[in-house]
Structures are given as structure tokens and as C-alpha cells.
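An overview of the molecular structure
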Amino acid sequence: MGDARASLVDFVGVEKSYGAVQALDGADFSLGAGECVGVVGHNGAGKSTLMHVLNGGVTPDRGRLVVAGAEQLHWTSARAQALGLRCVFQELSLCPNLTVAENARVVHPAIYGFGWRRRAGRLILDKLDEIFPGHGVRPGDLVQDLTIGRRQMVEIARAFSVSDAAARLVILDEPTSSLDAHTAAQLLAHVRRSVEAGVSCVLISHILGEVLSACDRIVVMRDGKVVLADVARNFDRAKLVGAMGGIEPESPRAQGAAAIGARGETRVVVRLRPERQADDREFVALEGEIVGLAGLAGHGQTDLLLATFAAASHSRATATVSAPVALVAGDRQSDGVFPGWSIANNIGVRSLKKFRSGPLLSGRLEDKLANAWRERIKIRTPDVHSNILSLSGGNQQKALFARALASDARIMLMDDPMRGVDFGTKLEVYDLIRAEAARGRTFLWYTTEVEELKNCDRAYVFRNGAIVAELARDELNEEQVIHSSFAGVA
Amino acid sequence: MSVAAAVPPANASGAEWRRRLRAALPALSLALVIAAIAWLNPRAISYFGFTLMLNLAIPIALATMAQMFVIAGNDLDLSIGTFVGFVCCVAATWLRDEPGLGVLTLIGCVALYAALGALIYLRNLPSIVVTLGMSFVWQGLAILLLPKPGGKAPGWLLAIMGVKPPFIPFPIVAAVVIAGVGYFGLMRTSYGAILRASGGNALAIERAGWSLLRAKMTLFALAGIFGVLSGMALVGITTSADANIGNGYTLLSIAGVILGGGEFVGGSVSPIGAVLGALTMAMAASPLLTFMHIPPDWQVAANGAILIIVLAARVVITRKGSDR
């Protein structure tokens, strides 16, 4: 397409990796002045990373960045700001302890001196009135007292507000996730008006209807690349979903897992209803089954795992969990490893009862257990007494698996445990999971990678904290999961 | 339908009322302490009575203000007490005998505070550890300077602290001035908003292009300035100094900030509340307990109990506020 409009942003071959994870793998992205571009893709497709590169928050490993007609060799947040790039992030960037007006002042250094509070308040209030008539926000309100939806409105209005430097590009990352349908429509109407007035917009959204209706052009990302970019009217929902998921030949299933008979033949070990489930669907897991929790990230999968964990120790009316549980954390550094401890300590901490010898713990028994698991799952270390942090990320994760598997737990709760783990380790762990399932252990496996779901016997797809679909083993492919994750979203 | 739509709009008037109640809590607890004193000993409620009871409130209020600036940036200053003691020693010796050296030393102290802020920010060190270390440094310096209690405050300092304004006792005038300066400086200036924002959401401030280093250094320098003022006010009241004179101020200042509605994290502080908190601590510390005929041996413990009760009341009000 020959763009008649002047190009504002041109990215060529942008690459960025975090350890073993290639977040951007040669992405090309361009944006014209006065154009609204929609960016869609599944979790981990690289959308957010690309936007962070665009606003200067992330420095790419490789790639050419041309912004406003000049190649940017030292692209930083400050430079992006100076060129009029504004962002509305998924994680709100307001200061909760300040008032709405004071928050406006934070991004407008030009507002200072006598009467600055009145001017900042006027600026943000005018913009709020323009975008969200009837918003009900006062400039003197503390942000921490506002509802999440109103905070989002303030954040959006702030990005569009203008003091000295004009806004040339506003990046909206999931702006409607906490807005109701009415305010979301107000926002999209404002986006269209701004675009007509010459401001460029980038809209990232999981709500495909919004993207199709509000954008001039749509860019589809997958695996850190832009796989398809075209004018919006050439797309429809089916084509978007197809492009996001990729229609690929079904890969032969990894070798046979434990055969699962019809329900009822095996014992149900977990049965509970997600808290926000409106209908009467239930989450059920059988003995020896690997159950996947799928859907977009953060739509209630972790909550379900935590609810299961809680129900195992304090029985509740709404949940039955009939065996001991162990959790394998996904965020290793914050929820998983004890950073000051040795590998052996880290593996043994869930099984202290086994090490009891009189009133004390026996270090010999702990070493024995740790060494046995080191052999079994091939933790690459010469000595289990080394600090856990001496291991690579993948091996730390193996140690966490060993902690759970070495324990007396019969139900394993896995909270996206393969985040940032290299491919070889993943394959080893998959084998281990299948072997343990064959011995009757149950796995509840939350994963954001559709590829991993193929190791599961069944999967539940979550949206907004509730189960929206249950997929049988032969339905577990990317298209189905994406379809279920988005189905029915206006 | 999104999540926001599912949450009913908070009961505006109820939330508003609770917020006001919370904001008024520091004033209420001060009023309660004064009412208790008035009931126990009506004669204490007089010009002379307040001057006497609130005498030591001025340095406590200044130290509390210093602590408040540090807490606004999500840090804690465990050295403020011994720092006040050191300033007392400097004021009672060098400032009187060699004013040039004394002034230079005090300015150097403020610069050192700013440097500590820079160190804490740049090396990402826990402020508790750094200031705990500094508390021993200040105490050691104070003992070197004044091994035995003694010295004498400069005459002009004694004169300032001895002012007797008509009708309103001096400590109350001073408290109003301190609260006013803190309020306008931190709550009303445009850079004050950035300073508080650095405690509320540092990442957002950095993204918006502000220097967090500058903010942290400013906050610590302000703490240093108010610490110096606190020490000078204290020595102006006691007329002579002792290396251990300020040791209790560390905890008093933290208690004052929290009593005044501040939070340990999140940049939520209130200068007016902090001064009210300091006054409450000063009144509850000894006049109230003396009037209650609590023997001095038990006063420290009783003081702590008062603190726990007031803070518990605040937590109850706050928690009800967050239950929707």
C-alpha cells in the first residue's frame, strides 16, 4: 500500500529477548500521521513489548527505529515524550496518593507557579468532559478513592491532554479493560475524532469488535513478529482469529499419556466453582488427569489454583479437594525459590515431616531426597548444597518441580510454571508430568502457551474469572482456544 | 460488561464521610487528650499551662516534620533522634563560641542528609539500614563534641524560644507556623506534588521524565533542615545539651507522622496531621499521665498504650472505608 500520509513511525526488524524468551523476533511496524492502527495477538505475541519499544521504555537488541522522519539511535522515554508520544498502560501509571489535578501536573512540567492546581485541574477536567461526558470525577479527588474505571478514564484523558507539547501519538494498551460498554464507546468515538484531527493512535485490545470498528489499519502479531498488516475493512473476526492463531497442520500428539476412561470410572479429586461463575459450570479434575487452564492471561486461572489450594486446607461448601496439594509457582523469584537457601533446602521444604528425627530435622535424609531428585529430573549441579541461585532459570524451575513432586501431595497446581524456561528443559518436564500422572497424580496446569495444552487431557478456557468452555483432548488446538477466549465478546 | 460495571458505585456520601472522619482523626485525638487534661486539672487549660505543657512540643513537631519528608518517599529515618542530639551539642558549643564553624557544620549536616538520600537511591539500599548506621555515627560525634552534659545555648536562641506572644502561647504559634510551612511546601507547590508522587508511584514519575534522584535528595535535605531546626529549638528550651538528649525523638517522630494520618508506604502524608500528632504525643507523654497520677516509672509504658489505642482506632476506620 503506498501510504499517501507522512509516516510517523517506521520500525524495521526489531528484536528483543529476555533470557531464553524471544519477545520480539524481527518485528516490522509502521504508522502514519493521523492514522489509527490496531494491534492484536495472543498472549506473549509481543504486542506489549513492541509498545514499550515504541515509547522508549525498552531498548531493543537489534532493529532500526525511525520516528518522525529521523533515525533514532538513542531512543529513550524522554525523547519519546519530547516528540509527543503518550501512553496509556495496562498497569495504571497514576499516583494513587495524589489528586486528579496533581496527577495531570506530573506529565505536564509546563504547569507550575502560582495557580498551578487550578490550571492542572481545568486541563484534566476539560479533557474528561470532552471524552467522557458525565464522568463524575472531580479534580480534587484522590486517585486512590476512585473506582478502577474512573482511574482508567483519568489516565486516558491525561494522555490526550495538551499543555505545551502537542500529542502526536497516543498508545492505548487495553484501554477498555476496566471501562463499561458505555464509556468504552465514548472512548472509541474520541479516538476517531482525534484521528480525524491528525493525532495518531495505536489501539491494543483483546476485544476484536473494537479494533475492527475503530482502526484504519490492523496489525496482527504472533511469536514476536508482525504476521499480517492490512487496512481494517479487509478483515473480519474470523480472519483475525485465524491470523492470530495460525492455521497449521495438527502436529502429531506427544506420545500417549495415561488413558483416561469415562468420567465416573476414576475418582474425582477436585470439584469447585470459580467465584465469578454465573452459570452452573464446575471445575472438575479426576485422579491421574492433566487438566489445562487456558484463556487469556490473568482471567481467573491463578485464582482458581489458589482457591483449590485454600480449599485443601480449609474445607468449604463450594469446593471439594480430596487430596493434599502442592503449588509450583510461575513467578519463581517472588513466589518460588528461597533465595538464601541451598538447592537441597529448597527441594525439601515441602517435605519436612519426612526428615524428622526426634525433635530435630535430619540433614542426611534431606540430602538423600535432594540427591534422588537431582538424579531423577537431571538438575544440573555438582552439589545440592550450592545456593539455589547458582542454577540457571530452567534448573531452578526443575528444583521447584522436585519440591512439589517429592512431597506427599497428590494434586499439583502449576501456575504457568514454564515461563522463561528453555525448550530442552520443557520437554524433560513434560515427560516427568506424564509419568507422574500415570502414577495417579493429578495436575492442574495453567499455561499461557497453547502449545503446552497439547500435553493435557482436557482444558477449561477462562474469561473474566469464569469458565467459558471445556475442550476435550482432540479439540485442544490454538484456533479452538483463541475462538473460545474471544467468543461472544462484542 | 466489564468488571467495573459489575461493581456498584461506592456509596458516595458514606465514603466521603469516612474520609473526612479519617482526616479529622489527628485533630480528634488531640482534642481528646486536651479534654482529658481539662477534666483532670482545669487549671492547666490556661496561657501558662499550655506554654508549660507544650514546651517540648516544638522540637518534637520539627523532628516529626523531618521524619514526614523521609516517609513521604517510602523511607524511614532511624537516625533523626541522635541527629537532633548532635545538633544540640553543636548549637551548645560551636554555634555559641565560634558561630562561623557552627553554621558551617549545620549546613554540612544538611548536605550529608542529601548525600544519604542519593546513596539510598543510587545503591538501592534499605533506608532503615543506612539511617540505623548513621544514628551511631551521629551519637558518636555528639559524644566526641560534648563528652559530659553541658555547654550553653547561644543567647539569641534562648531569646527566640523564650518569646511570650500576647494571648496565644508560643508553642501553639510555632506549631501553626510549622504546619503552615510544611503544608504549603509539600501539599501546595507543584514540586511538592512530584515529591509525594515519588512515594506513590515512582515508576510513573520516572516515565514522565522526572529525576527520582533529585526528588530523594530533596526529601532527605528537607529532613536534614528540619532536624537542624529541631535540635536548635530543643537546646533553646533546655539551655544546655547532652549527647543523649534527642534519643527518644526517633520513635516519637515516627509515631507523630503515623498518628497524624501518614502511611509508611505510598507517599500519603499530612503535614498538618503530623504536627497535630506531635502535639498529641507531647501532651500525652507526660502532662496527661502526671495528672492521671501515673507514677513516672509507668509513664513510658502508658504512653505506648495510648499510641496503640489511637492507631487501632485509625485502622478500624480505614478498614471500614475499604469494605465496599
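Residues numbered from 1 in each chain as written. Chains lettered and ligands numbered in written order. Predicted model: local features only at pLDDT ≥ 70, side-chain atom pairs only at ≥ 80, totals over all residues. Heavy atoms only, no water.

With respect to the overall build of chain B
Here is the rule: Secondary structure elements are taken from DSSP: a helix is a run of H or I of four residues or more, a strand is a run of E of two residues or more, and numbering for both begins at the N terminus. Between the two quantities, the radius of gyration covers C-alpha atoms and the globule rule is 2.2 Å times the number of residues to the power 0.38. Note on contacts: a residue pair qualifies if any of its non-hydrogen atoms lie within 4.5 Å across the two residues. In this description, accessible areas are obtained by the Shrake-Rupley approach with a 1.4 Å probe, and a residue is regarded as covered only by the protein chains that are shown. Neither His nor the chain termini are counted; the positive set is Lys and Arg, and the negative set is Asp and Glu. Taken as the charge centre is NZ of Lys, CZ of Arg, CG of Asp or CD of Glu, depending on the residue.
Tallying secondary structure elements over chain B gives 17 helices and 0 strands in all. In terms of overall size, chain B behaves like a compact globule, its C-alpha atoms giving a radius of gyration of 21 Å where 324 residues would be expected to give roughly 20 Å. A principal-axis box enclosing the C-alpha atoms of chain B has dimensions of 75 × 50 × 35 Å. A separation threshold of at least 6 residues defines the contact pool for chain B, and within that pool the share at least 24 residues apart is 77%. Accessible area for chain B stands at about 14800 Å²; split by element, carbon and sulfur atoms hold 72% of it. Placing the 19 positive and 10 negative side-chain charges of chain B at their respective mean positions leaves the two points 9 Å apart.

Concerning the packing of aromatic side chains
Selection criterion: The rule is short: rings of Phe, Tyr and Trp, with Trp giving its six-membered ring, pair when the centres are within 6.5 Å, and they are stacked under 30 degrees, edge-to-face over 60, tilted in between. Working definition: with a 1.4 Å probe on protein chains only, accessible area under 20% of the residue-type maximum means buried, over 50% means exposed, and in between means partly exposed. To sit over a ring, a charge needs its Lys NZ or Arg CZ within 6 Å of the ring centre and within 35 degrees of the ring normal.
This structure, assessed with the given rule, holds 11 aromatic pairs over all chains. Summarising the aromatic geometry, the rings of B:Phe69 and B:Phe226 are spaced 5.4 Å apart at their centres and angled 40° between planes, so their arrangement reads as tilted. Of this pair, B:Phe69 sits in helix α4 (residues 57-72) while B:Phe226 sits in helix α13 (residues 212-238), and the two are 157 residues apart along the sequence. Here B:Phe226 falls in the buried class, since its relative accessible area comes to 9%. Centroid distance B:Tyr191 to B:Trp210: 6.5 Å. Interplanar angle 55°. Geometry classified as tilted. Of this pair, B:Tyr191 sits in helix α11 (residues 190-200) while B:Trp210 sits in the loop between α12 (202-207) and α13, and the two are 19 residues apart along the sequence. Across the pair, exposure class does not vary: B:Tyr191 and B:Trp210 are buried alike. Feature note: the residues B:Phe83, B:Phe86, B:Tyr113 and B:Trp138 constitute an aromatic cluster, connected by ring pairs. When the ring centre of A:Phe235 is taken as origin, the NZ or CZ atom of A:Lys239, which lies over that ring, is 4.9 Å away. The ring of B:Tyr191 has B:Arg214 sitting right over it, with the charged end atom 4.7 Å from the ring centre.

Here's the deal with the sheet that holds strand β13 (residues 290-295) of chain A
Residue and element names in this part refer to chain A. To keep things clear, this is the line we draw: Any two strands with at least two DSSP bridges between them are considered paired. Angles run from 0 to 180 degrees between N-to-C directions of axes, and those axes are lines fitted to C-alpha atoms, restricted for helices to the stretch in contact.
Strand order in the open sheet formed by 6 strands is β15-β18-β19-β13-β20-β21, and the pairing between neighbours is mixed. Each of the sheet's edge strands pairs with one partner strand only, and the pair in question is β15 (325-328) and β21 (466-472). Neighbour to neighbour, the strand axes of the sheet diverge by 20° on average, direction disregarded. Strand direction decides the pairing type here: β15 and strand β18 (residues 411-415), joined by 4 bridges, are parallel. Note on β18: the bridge partner recorded for alanine 326 is methionine 412. The sheet contacts of helix α13 (residues 393-406) involve β15, β18 and β19 (442-446), and relative to β15 the element is tilted by about 175°. Against the sheet, helix α14 (residues 423-438) touches β13, β18 and β19, its axis set at about 145° to β19.

Observations concerning the state of the cysteines
Residue and element names in this part refer to chain A. Rule in force here: Two cysteine sulfurs form a disulfide in these notes if their separation is within 2.5 Å.
A complete count under the given rule lists 0 disulfides over all chains for this structure. In this model cysteine 87 remains outside any disulfide bridge; the closest cysteine sulfur is found in cysteine 201, 11 Å from its own. Of the cysteine sulfurs around cysteine 95, a residue in no disulfide, the closest is that of cysteine 87, at 16 Å.

Considerations on the pattern of salt bridges
The condition is simple: Every case where a carboxyl oxygen of Asp or Glu lies within 4 Å of a side-chain nitrogen of Lys or Arg is listed as a salt bridge.
Evaluated as defined, the whole model comprises 26 salt bridges over all chains. With a closest N to O distance of 2.6 Å, A:Lys398 and A:Glu428 form a salt bridge. Placement of the pair is A:Lys398 in helix α13 and A:Glu428 in helix α14, with a sequence separation of 30 residues. Residue classification places A:Glu428 among the partly exposed residues on the basis of a relative accessible area of 25%. Of the charged contacts in the structure, one is a salt bridge between B:Asp75 and B:Lys216, with a shortest N-O distance of 2.7 Å. Residue B:Asp75 is found in the loop between α4 and α5 (80-92), and its partner B:Lys216 is found in helix α13; the two are separated by 141 residues along the sequence. Under the relative-accessibility criterion, B:Asp75 is labelled buried at 11%. Take B:Lys216: its relative accessible area is 13%, and that puts it in the buried class.

The quantities given are spatial measurements derived from coordinates; they are silent on function.
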